[in-house]
Amino acid sequence: MLEKVQVFAPASVANVGPGYDTFGFAIEELGDIITLTKRQDDMLKILPAEGADLPLEPENNVATVAIQSLLDHLGSEQGMDVHIKKLFKPGSGLGSSASSASGAAFAANILLGRPLKTPELLIHALEGEKLASGSIHADNVAPSLLGGFQVMRSYEPLDIFQVPTPDNLHVLIIRPDVEVKTSMAKGLIPKEMTVKNAREQWGNVGALIHAMHSADFELLGRSITDRIAEPYRKQLIPQYDEVKEEAMQLGSVGFNISGSGPSMFALFKDEKSARVCQKYVKEIYEKTNQEVMMHLSKINPNGCQVI
Ligand code: HSE
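Residues numbered from 1 in each chain as written. Predicted model: local features only at pLDDT ≥ 70, side-chain atom pairs only at ≥ 80, totals over all residues. Heavy atoms only, no water.

Q: In this structure, what is going on with the overall build of the chain? I would like to understand it.
A: Secondary structure summary: the chain contains ten helices and eleven strands in total. Against the globule reference of 19 Å for 307 residues, the chain gives a C-alpha radius of gyration of 19 Å, in line with a compact fold. For the chain, the spread of C-alpha atoms along the principal axes amounts to about 60 × 40 × 35 Å. Long-range contacts, defined as pairs at least 24 residues apart, comprise 74% of the intrachain contacts of the chain with a sequence gap of at least 6. Accessible area of the chain: about 13,400 Å², with a carbon and sulfur share of 51%. Here the chain holds 29 positive side-chain charges and 38 negative ones, and the gap between their average locations is 4 Å. (Helix = DSSP H or I, 4+ residues; strand = E, 2+ residues; numbered from the N terminus. Rg over C-alpha atoms; globule rule 2.2 N^0.38 Å. Contact = heavy atoms within 4.5 Å. Areas by Shrake-Rupley, 256 points an atom, 1.4 Å probe, with all protein chains shown as cover. Lys, Arg positive; Asp, Glu negative; His and termini not counted. Charge placed at Lys NZ, Arg CZ, Asp CG, Glu CD.)

Encoded structure:
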């Protein structure tokens, strides 16, 4: 029997414009490395994390909440040491808690002999995500666990599916150095919207899915707009309008807030344009003496993986 397992759980971009709480895709290289080691007792012990200060009490840590949910479901009392290495900052809008929760559930399932299939781990990872954001939303957890571009068709019952994406789509992640808590950013969104705005939103949702299937970049560019979150959350993000305008002028085929921010994503159909954009965005933040982190990625077809 396996005594120790180490997994990589990717970061993710949620909402993707019009798909508030319903669209998300995994990205490459950024994510969590989670190491679980079996214990001789029934304790879940969190070791000090690398790359971030994370809670050490099992009931306050998204990873152990996800593992406990899985253990309860299986009727297991297997203890584990839990170590998390974060390759990106929490509070970035890149699904930090989802990476920890999905990676922990995925790793624990392996340590327990793979009693569940990976999609069946979603509800356990979601328990962890609920602790972090105060609400159930799977648009980071599903891509982190399963990879690719995932759509949450329904939450009750949970029904998700994957959409193919064009091979040459490049994603530039831009994260100014401010922290945004998802629970706070969720509070900014009005509870109701007009039929006029809703009609525009679902027109764009349909168009975005068709654009991904057909690699229609012009349609993609027209459909990555948002009436639900962007108008209320962009105020939290330094230079948002300026960066968006620059990216669109430099050929971005879609720009918006990643999850609850402060990260933004800009889609490009080639790497060269993305790199040019990266240079100009850096200059925007240099002018205002602000730190910015950028990461160029493709959509990651893989979710959690043993490393
Ligand atoms: N869909 C969630 C939100 C993602 O926008 O609040 C949080 O990362």
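Q: Quick question: what am I supposed to make of the packing of helix α1 (residues 62-74) against helix α3 (residues 122-133) here?
A: Axis angle and axis distance: for two packed helices, these are the angle between their axes and the distance between the axes, and together they describe the pair. Look at α1 against α3: their axes get within 7 Å of each other, and the N-to-C directions meet at 145°. Judged by the sense of rotation from one axis to the other, the crossing of α1 with α3 is right-handed. Two secondary-structure elements touch here, α1 through V62, V65, A66, S69, L70 and H73 and α3 through H124, A125, E127, G128, L131 and A132. Counted by class, the contact of α1 with α3 contains seven nonpolar, four polar and one charged residues. (Axes fitted to C-alpha atoms, helices over the stretch in contact; angles between N-to-C directions. Left-handed = near helix turned anticlockwise from the far one by under 90°. Nonpolar A, V, L, I, M, F, W, Y, C, P; charged D, E, K, R; others polar.)

Q: So what exactly am I meant to see when it comes to the pattern of salt bridges here?
A: In total, this model carries 16 salt bridges according to the counting rule given. With a shortest N-O distance of 2.6 Å, K86 and D32 are connected by a salt bridge. Here K86, found in strand β4 (residues 80-86), pairs with D32, found in strand β2 (residues 23-38); they are 54 residues apart in sequence, far enough to count as distant. Each member of the pair K86 and D32 is classed as buried. E179 serves as the salt-bridge partner of K181, at 3.1 Å between the closest nitrogen and oxygen. The exposed category is assigned to E179, whose relative accessible area is 55%. (Salt bridge = Lys/Arg side-chain N within 4 Å of Asp/Glu carboxyl O. Buried < 20%, exposed > 50% of the residue type's maximum accessible area, 1.4 Å probe, protein only.)

Q: Would you mind showing me how to read the packing of α1 against helix α2 (residues 96-111) here?
A: The contact between α1 and α2 brings their axes to 8 Å, and the two run at 40°. Remark: the crossing between α1 and α2 carries right-handed chirality. The residues of α2 that touch α1, namely those facing V62, A63, A66, I67 and L70, are S97, S100, A101, A104, A105, A108 and N109. Considering only residue class, the contact of α1 with α2 consists of nine nonpolar, three polar and no charged.

Q: How should the site of the ligand be read in this particular structure?
A: By nearness alone, every residue bordering the ligand is listed as A14, N15, Y20, D21, H137, D139, N140, T182, K186, R233, G259 and S260. At 2.9 Å, a side-chain N or O of K186 approaches an oxygen atom of the ligand. Taking R233, its side chain carries an N or O atom lying 2.7 Å from an oxygen atom of the ligand. About the coverage of the ligand: the protein hides 98% of its 260 Å² of free accessible area. Tallied by class, residues from the shell around the ligand come to two nonpolar, six polar and four charged. Summarising the domain contributions, the shell around the ligand has at least three residues from each of domain 1 (4-164 + 302-306) and domain 2 (170-298). (Near = heavy atom within 4 Å. Polar contact = N/O pair within 3.5 Å; in protein donor to acceptor, adjacent residues only side chain to side chain. Domains from an automatic or database assignment.)

Q: How should the side chain of T64 be read in this particular structure?
A: As for its position among the elements, T64 is in helix α1. A distance of 3.1 Å separates a polar atom in the side chain of T64 from the backbone oxygen of N61. Leaving out residues up to four positions away in the same chain, T64 has contacts with L44, I46, P58 and V82.

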